[in-house]
Amino acid sequence: PAEFFGETSVRFSRDNRWLASGSAGHGALVWDLHANDIAASRVEAPVSAHLLGDVAFSDDGRFLGLAGSDGRVHLWDWRSQQRPRTIVTGNAESALAWLDNSRLMVGGVAGRIAVWETSVEELKSMARAVAGRELSSKERESLSLGLARQ
């Protein structure tokens, strides 16, 4: 059996192949439940080991959302094991759910709920609509860098 560390949240992927967990002091882990050796299949999120209030897979299973008590929400492309993108909310986050593959709903311990758009292309489209014009190359670059992996 796999070793667990006082998990605060456990979620299955939509296809039930993957199990993700968030824990106090150990960050997030993902296991392949179809592997011959489930313990050896463990992948660990490269985020600080603060208390994670919740974890959730995006609908397509590409991203794992991590809600932290430190006022950060991490978006981890766990299969590529790249460093997660981070949204700084400034609030202790305790729950999250993906509305689709790019919108993430986050709930905090203070009772605040927010929906975050995570697609850079969708954010650029929204910025063009608000500005009523095409974005300059500097504005597009700034928006892309703002959501770059931190």
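What you are looking at is a predicted structure, and each value in this text was computed from that prediction instead of being measured.

**A look at a nonpolar patch on the surface**
On the surface, a nonpolar cluster with roughly 350 Å² of combined accessible area is contributed by Leu 99, Met 105, Ile 113 and Val 115. Judged by its relative accessible area of 32%, Met 105 is partly exposed.

**What about the pattern of salt bridges?**
Under the definition given, this model contains 11 salt bridges. The closest approach of N and O atoms between Asp 32 and Arg 17, which form a salt bridge, is 2.8 Å. Residue Asp 32 is located in strand E3 (residues 27–32), and its partner Arg 17 is located in the loop between strand E1 (7–12) and strand E2 (18–23); the two are separated by 15 residues in the primary sequence. A residue is classified by how much of its surface remains accessible, and Arg 17, at 30% relative accessible area, is partly exposed.

**Some words on the nonpolar core**
Formed by 14 residues in total, the largest nonpolar core has its most connected members in Ala 28, Val 30, Phe 57, Leu 64, Leu 66, Trp 76 and Trp 78. Secondary structure elements with two or more residues in this core: E2, E3, strand E5 (52–57) and strand E6 (63–68). For this core, the leading source of residues is E5, giving 3 residues. With sequence-adjacent residues up to four places away left out, Trp 78 is seen in contact with Trp 18, Val 30, Val 43, Phe 57, Gly 61, Arg 62, Phe 63 and Leu 64. Formed by 10 residues, the second largest nonpolar core is a distinct cluster that contains Phe 63, Ala 67, Ile 87 and Leu 96.

Each value, and the rule that gives it
- Residues numbered from 1 in each chain as written.
- Predicted model: local features only at pLDDT ≥ 70, side-chain atom pairs only at ≥ 80, totals over all residues.
- Heavy atoms only, no water.
- Patch = residues over 30% accessible without salt bridge, like charges linked within 9 Å, V, L, I, M, F, W, Y side chains within 5 Å.
- Areas by Shrake-Rupley, 256 points an atom, 1.4 Å probe, with all protein chains shown as cover.
- Salt bridge = Lys/Arg side-chain N within 4 Å of Asp/Glu carboxyl O.
- Buried < 20%, exposed > 50% of the residue type's maximum accessible area, 1.4 Å probe, protein only.
- Helix = DSSP H or I, 4+ residues; strand = E, 2+ residues; numbered from the N terminus.
- Core = buried A, V, L, I, M, F, W, Y, C linked by side-chain atoms within 4.5 Å.
- Contact = heavy atoms within 4.5 Å.

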